[in-house]
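Okay, here's what each chain looks like letter by letter:
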Amino acid sequence: MIDLTTLVTESRNEASRDIDTLTTLDMLKVINSEDQKVALAVEAVLPAIAQAVDAIAHAFRNNGRLIYVGAGTSGRLGILDASECPPTYGTNPNLVVGLIAGGHPAILKAVENAEDNYQLGQDDLKAIDFSSRDVLVGIAASGRTPYVLGAMAYAAQQGAVVASISCNPHSAMTEQAAIAITPVVGPEVVTGSSRMKAGTAQKLILNMLTTGAMIKTGKVYGNLMVDVEATNAKLVERQKRIVMEATGCDRACAEQALNQCGNHCKTAIVMILTGSDATTAENLLNQNHGFTRQAIETPRSR
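Residues numbered from 1 in each chain as written. Predicted model: local features only at pLDDT ≥ 70, side-chain atom pairs only at ≥ 80, totals over all residues. Heavy atoms only, no water.

## Re the domain arrangement of the protein chain
Assigned domains within the protein chain: domain 1 (8-216) and domain 2 (220-297). A separation of 34 Å is found between the C-alpha centroids of domain 1 and domain 2. Listed as interface residues are 8 residues of domain 1 and, on the opposing side, 6 residues of domain 2. In total, domain 1 and domain 2 occlude about 600 Å² of area from one another, counting both sides; carbon and sulfur atoms represent 60% of this. Run the count over domain 1 and domain 2 and you get 0 salt bridges. (Domains from an automatic or database assignment. Contact = heavy atoms within 4.5 Å. Buried area = accessible area lost by both parts, 1.4 Å probe. Salt bridge = Lys/Arg side-chain N within 4 Å of Asp/Glu carboxyl O.)

Listed below in structure tokens is the structure:
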């Protein structure tokens with residue numbers, strides 16, 4: 001028997017007790033007021049998030065991956081974050097992976113009882129050859145989802161770094177994780193609807209984990225996404241603007257450099273700022289592990 005009364009995310013919110021009697025505008029004011037508490041809850045756990053970012057960046061530098069595991073909303077948020085890394089940062093689709101209880105069908109529709117299957121969490125990790133080089137991040141608002149706990153236990157057995165994102169303190173996931181990220185957002189506006197404040201907190205943290213790790217592995221120059229892939233017209237244009245912003249060159253110069261280096265922003269930027277050709281620029285980036293700033297400074301220091 002699960003005692004929901006012990007979970008913060010299942011408790012009743014006094015601020016929204018009579019929300020069904022309010023005008024539409026006043027209803028939305030209550031929701032917005034509660035949402036404003038989420039960023040502060042995330043702020044309180046920044047040190048733990050920083051630990052996780054450093055562990056993920058270390059994994060990336062050593063042929064490891066980031067694996068998200070969750071059920072329901074939490075699982076879908078992990079898959080969303082993972083799916084956005086390749087186009088944004090030019091990463092291999094296998095670098096950040098999202099697993100959800102119930103598999104692909106659960107992305108669009110709930111798969112009954114899948115989240116209660118402890119063994120399934122372990123089996124799904126085995127299916128992707130999870131190893132000690134990888135980092136596992138378990139995601140569950142309640143902090144007690146068996147599917148996630150099973151995956152976390154298996155990851156720990158492999159010697160991997162295990163982190164958790166939950167919104168209930170002293171949960172099973174918090175106790176099991178080496179890095180416990182626990183933003184306590186308080187009761188939901190609609191009691192138990194953890195897709196709301198808890199889900200928002202999870203999304204903010206997932207953004208930080210991948211963005212932080214990508215910055216620390218050279219995927220960002222200044223605040224520009226210099227590894228963005230040009231997979232549609234908007235992104236082709238974004239590449240040109242990134243090169244122009246980074247170098248101060250005009251559009252024609254950016255287009256020429258991108259054409260010469262196979263539409264790779266980093267290479268185009270290094271070419272323009274160092275006056276080098278595409279091959280030399282590529283070599284400079286390789287020598288500096290893909291960090292644009294260091295690649296630009298290398299020839300100047302000689």
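## A short note on helix α13 (residues 278-287)
Among all positions of α13, only Ala278, Ala281, Leu284 and Leu285 are buried. Summarising the axial view, the buried residues of α13 lie within an arc of 125°, below the 170-degree limit, and thus occupy one face. The exposed residues of α13 that point more than 90 degrees off its buried face are Thr279 and Asn286. Positive phi shows up at His289, right after α13, with a value of about 55°. (Buried < 20%, exposed > 50% of the residue type's maximum accessible area, 1.4 Å probe, protein only. Helix = DSSP H or I, 4+ residues; strand = E, 2+ residues; numbered from the N terminus. Arc of directions from axis to C-beta.)

## What to know about the UniProt feature "active site" (unreviewed entry) in the protein chain
Within this structure's numbering, the places UniProt gives as "active site" (unreviewed entry) are Glu84 and Glu115. Spatially, the listed residues are scattered: they cover 32 residues, and their C-alpha atoms lie as much as 24.2 Å apart. Of the residues examined, Glu84 reaches a relative accessible area of 36% and is grouped as partly exposed. Positionally, Glu115 belongs in the loop between α5 (105-108) and α6 (118-127). On the basis of relative accessible area, Glu115 is assigned to the partly exposed category, the value being 34%. (UniProt positions renumbered as here; feature names shortened; annotations may be inferred.)

## Considerations on the pattern of salt bridges
Under the counting rule described, the total for this entry stands at 9 salt bridges. Among the ionic pairs, Asp54 bridges to Lys216, the shortest N-O distance being 3.6 Å. Of this pair, Asp54 sits in helix α2 (residues 46-61) while Lys216 sits in helix α9 (residues 197-216), and the two are 162 residues apart along the sequence. Look at Lys216 and you get partly exposed, because its relative accessible area is 37%. Between Asp227 and Lys266 there is a salt bridge, and its shortest N-O distance comes to 3.0 Å. A residue pair is termed long-range when its members are at least 10 positions apart, and Asp227 in the loop between α9 and α10 (233-247) and Lys266 in helix α12 (residues 265-274) qualify at 39 residues. The exposure classification of Asp227 matches that of Lys266, with both residues buried.

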